[in-house]
Amino acid sequence: MTSTVDTPADAARPAAPSGLLTVARAPRWLRYALLAAGLLVAFWLPNGLYPAVAVDILCWALFAVAVDLLLGFTGLMSFGHAAFWGTSAYVTGLVAIHVGLPFPAAVLAGALTAALLAVPIGYLAVKRTGIYFAMVTLAFAQMVYYVANEWRSVTQGENGLQGVPRELFGLDLSDDYYFYYAILPIVLLGLLAAWRIVHSPFGRVLVGIRDNPARARALGYPVHRYKLTAFVLSGFIAGLGGGLFAVGHRFVSLEVLHWTTSGKAVIVVVLGGIGTLWGGVLGAAIVVRLEDWLSFSGFETIGLVTGGIFVLVVLLFRRGIWGSVAALAHRWWASRRR
Amino acid sequence: MAGQALLSARGLTRDFRGFRAVDGVDLDVAPDSVHALVGPNGAGKTTLFNLLTGFLKPSGGRIELAGRDVTGLPPERVARLGVARSFQITSLFPQLSAREHVELALQSPSGLGWRFWRSSALMRRYTDRATELLAMVGLAELAEAPAEALAYGRKRALELAIALALDPKVLLLDEPTAGMGLEDVDRTVDLIARVRQGRTVVMVEHNMSVVGRLADTVTVLQAGKVLVEGPYEEVRADERVITAYLGAADAAH
């Protein structure tokens, strides 16, 4: 238990960092400085990394933020988000191949389809909580996987969708370096949308529901409908990431729908820090970079290494990387002010 | 009779796997009254509360609010229709500040909560009213403290503030003074006496002196049934109540 306060003087002292909303926030200048630094890194990234890896990081950043919207801000652990990432990847690929739209339009079509798919899945899943919610989402994701596997005339089954074009008004985006800058604005918009959702009146209700659903209901909030809305928004953002991933790889394989993809998304968020939003971005960068480095070094059991790191982080830094650093910074800040 | 009651129950029953926790309860809560539910542990008071607020579905019977059938409605609908409740075990959002609690309650009927594309700064429109309500329950100076850091009595006061923020027709308080020291009990009684003006209050309460100071009508429950109902003085003198409450003590003599 935390200590209690009974006087204004005690209350003025910042409480333990909650990582949330107004209770414990970094000073304004620091937040702007972090934002500027983040944007600088985002613009510099393909100069410091293999551009294809940088593209993957952007896509996974969106995926992670989508999962954190549910896990960190609504209290729902989806173990089936590959359904939305993967469905959008396939729809984006199909639209880009058969309709020949510019890739942002194809990605939008993919993300909207993912959001649409999230309506029935979410409707049935939000009636459950905890592990049961995770199991329901996993079950639906497996169904989507098998449909894609069987529906070979459309998805090409195990061969995958080949030759997804990077069409954008005739621009030559075949170089990953330029493609990175073409998708960066879309990714930043997606991240901005997630940030806006978290810091909206709606986001405030979500946090209430996460912390105490019974109390939220007693206040008159229809908890299931709020959770469903969050689920659909999350499906859309995950779909944005999945669609860009398909165009980035110019290829869609069944792996995008596999349960290990859902699991990786959860790992990325836990590693970065649940309920921190930007922690997911950081987690995506670390996991994608690490996996690339391991496979490049000829490592065969990548899962063992990332899994090991995951276990270590969960055991040693329960708040994840972003959350732990934020907690340390907060403590330092509080001790300086006293 | 039933037409005059603001909140009424007819033959309300709830079974838990063969155990009948509430058994055919008739209840009429008159407008602008304070109605206390008392009874020994396990008499079904909290179950009755959960039935009245939609947190449990009745196995049988009927509930009306201002003449409207509300039987079986989910809790958020019941709350929207003007029934606000507090919980026996303090039930707050640990990470939100006291002010954020009240703002969240004030926002509830407006639909602003759906605006995921707007800034939460919009909720500042509720700040003044929230400050007023927090001052009313004596939390003005702790408005920015996170709920998890508040002392027990202050948490109970915050519960009351968020229930009031819903501007309810009926305020249901589940043991508002449970676990409080004498000073906090007095403060809470004064507070309820103040907020009851123009409102209807139903409360579960163990502390008979609190019931005596506040209640217009008292319903005594025993084993899920209504044992006696009437004004406090009358109920207190009723032999059946004395037996129900003091039976164990008498047997010990």
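1. Quick word on the overall build of chain A
Then, number 1: Regarding its fold elements, chain A presents 15 helices and two strands.
Then, number 2: Projected onto the principal axes, the alpha-carbon positions of chain A cover approximately 70 × 45 × 40 Å.
Then, number 3: The buried share among the 338 residues of chain A stands at 50%.

2. Considering helix H1 (residues 45-52) of chain B
Residue and element names in this part refer to chain B.
Then, number 1: Of all eight residues making up H1, eight are buried, and the element is well covered by its neighbours.
Then, number 2: Along H1, the positions that sit buried rather than exposed are Lys-45, Thr-46, Thr-47, Leu-48, Phe-49, Asn-50, Leu-51 and Leu-52.
Then, number 3: Remark: Gly-54 follows H1 within two positions and exhibits a positive phi of approximately 85 degrees.

3. Quick look at the sheet that holds strand E6 (residues 83-85) of chain B
Residues and elements named next belong to chain B.
Then, number 1: What the six strands build is an open sheet, ordered E6-E7-E8-E3-E9-E10; its pairing is mixed. Only two strands of the sheet have a single neighbouring strand rather than two, namely E6 and strand E10 (225-230). Each neighbouring strand pair of the sheet contributes to a mean axis angle of 20 degrees, computed without reference to strand direction.
Then, number 2: Bridge count for E6 against strand E7 (residues 170-174) is three bridges, and the pairing is parallel. Bridge pairing in E7 places Ala-84 opposite Leu-171.

4. As for the domain arrangement of chain B
Many structure descriptions define interface size as the accessible area lost when the parts assemble.
Then, number 1: According to the domain assignment, chain B contains domain 1 (1-82 + 169-181 + 199-253) and domain 2 (92-167).
Then, number 2: In this complex, domain 1 of chain B contributes six residues to the contact, which on the side of domain 2 of chain B involves six residues.

5. Let's talk about the pairing of strand E2 (residues 19-29) of chain B
All names here are of chain B.
Then, number 1: In terms of strand pairing, strand E1 (residues 7-16) meets E2 through seven bridges, oriented antiparallel. Bridge pairing in E2 places Asp-15 opposite Arg-20.
Then, number 2: Where E1 folds back onto E2 in an antiparallel hairpin, the turn is made up of two residues, including Arg-17, whose phi is positive at roughly 40 degrees.

6. Brief notes about the environment of Asp-56 of chain A
Residue and element names in this part refer to chain A.
Then, number 1: Within the element layout of this structure, Asp-56 appears in helix H3 (residues 51-71).
Then, number 2: Under the C-beta neighbour-count criterion, Asp-56 is labelled buried, with 24 such atoms within 10 Å.
Then, number 3: Counting along the chain gives 232 residues from Asp-56 to Val-288, while the straight-line C-alpha distance between them is 7.0 Å.

7. Comments concerning unusual backbone geometry
Then, number 1: With a phi angle near 60 degrees, Leu-277 of chain A is a residue other than glycine that sits in the positive phi range.
Then, number 2: For Leu-277 of chain A, the location among the structural elements is in the loop between helix H12 (259-272) and helix H13 (278-296).
Then, number 3: What makes Leu-277 of chain A buried here is the crowd of 24 C-beta atoms within 10 Å.
Then, number 4: Of note in the backbone geometry, Arg-17 of chain B takes a positive phi value of approximately 40 degrees without being a glycine.

8. Looking at the confidence of the model for chain A
Then, number 1: For chain A, the average pLDDT comes to 86, and 92% of its residues sit at 70 or higher.
Then, number 2: For residues 1-24 of chain A, every residue scores under 50 in pLDDT, and the model assigns this stretch 49 contacts once sequence neighbours within four places are set aside.

9. Some thoughts on the sheet that holds E2 of chain B
Then, number 1: Taken together, the four strands give an open sheet; going across it, the order is E2-E1-E4-E5 (chain B), and neighbouring strands pair in antiparallel fashion. Of all strands in the sheet, those bounded by a partner on one side alone are E2 and strand E5 (68-69) of chain B.

10. A look at the environment of Leu-188 of chain A
Residue and element names in this part refer to chain A.
Then, number 1: Locating Leu-188 in the fold gives a position in helix H8 (residues 176-198).
Then, number 2: Looking at Leu-188, the number of C-beta atoms within 10 Å reads 16, which means it is partly exposed.
Then, number 3: For the pair formed by Leu-188 and Arg-250, sequence separation is 62 residues and the distance between their alpha carbons is 21 Å.

11. Brief notes about the packing of helix H5 (residues 103-125) of chain A against helix H11 (residues 223-249) of chain A
Residue and element names in this part refer to chain A.
Then, number 1: With their axes 7 Å apart at the nearest point, H5 and H11 run at an angle of 145 degrees to one another. Note on packing geometry: the crossing formed by H5 with H11 is right-handed.
Then, number 2: Taken together, the residues that form the contact of H5 with H11 break down as 18 nonpolar, seven polar and no charged.

12. Overview of the nonpolar core
Then, number 1: Ala-61, Ala-64 and Val-65 of chain A together with Ala-161 of chain B are the most contacted members of the largest nonpolar core, which totals 185 residues.
Then, number 2: Among the elements that line this core, the one with the most residues is H3 of chain A, at 16 residues.
Then, number 3: In this structure, Ala-64 of chain A is in contact with Ala-265, Val-268, Val-269, Gly-272, Gly-280, Val-281, Gly-283 and Ala-284 of chain A, ignoring residues within four places of it in sequence.

13. Comments concerning the packing of H8 of chain A against H11 of chain A
All names here are of chain A.
Then, number 1: It is at 11 Å that the axes of H8 and H11 come closest, and there the two elements cross at 170 degrees. When the axes of H8 and H11 are compared, the pair comes out roughly antiparallel. In this structure, H8 uses Phe-179, Ile-183, Ile-186, Gly-190, Ala-193, Ala-194 and Ile-197 to contact H11, whose residues at the interface are Leu-233, Ile-237, Leu-240, Leu-244 and Gly-248.
Then, number 2: Residues that form the contact of H8 with H11 fall into these classes: ten nonpolar, two polar and no charged.

14. Details of the interface of chain B and chain A
Then, number 1: Listed as interface residues are 42 residues of chain B and, on the opposing side, 33 residues of chain A.
Then, number 2: Among the residues making up the side of chain B that touches chain A, the classes are represented as 23 nonpolar, nine polar and ten charged.

What counts, and where the lines are drawn
Residues numbered from 1 in each chain as written. Chains lettered and ligands numbered in written order. Predicted model: local features only at pLDDT ≥ 70, side-chain atom pairs only at ≥ 80, totals over all residues. Helix = DSSP H or I, 4+ residues; strand = E, 2+ residues; numbered from the N terminus. Buried ≥ 20, exposed ≤ 12 C-beta atoms within 10 Å, placed from the backbone. Pairing = 2+ DSSP bridges. Axes fitted to C-alpha atoms, helices over the stretch in contact; angles between N-to-C directions. Domains from an automatic or database assignment. Contact = placed C-beta atoms within 7 Å. pLDDT = per-residue confidence, 0-100. Left-handed = near helix turned anticlockwise from the far one by under 90°. Nonpolar A, V, L, I, M, F, W, Y, C, P; charged D, E, K, R; others polar. Core = buried A, V, L, I, M, F, W, Y, C linked by C-beta atoms within 7 Å. Parallel < 35°, antiparallel > 145°, perpendicular 65-115°, else oblique.

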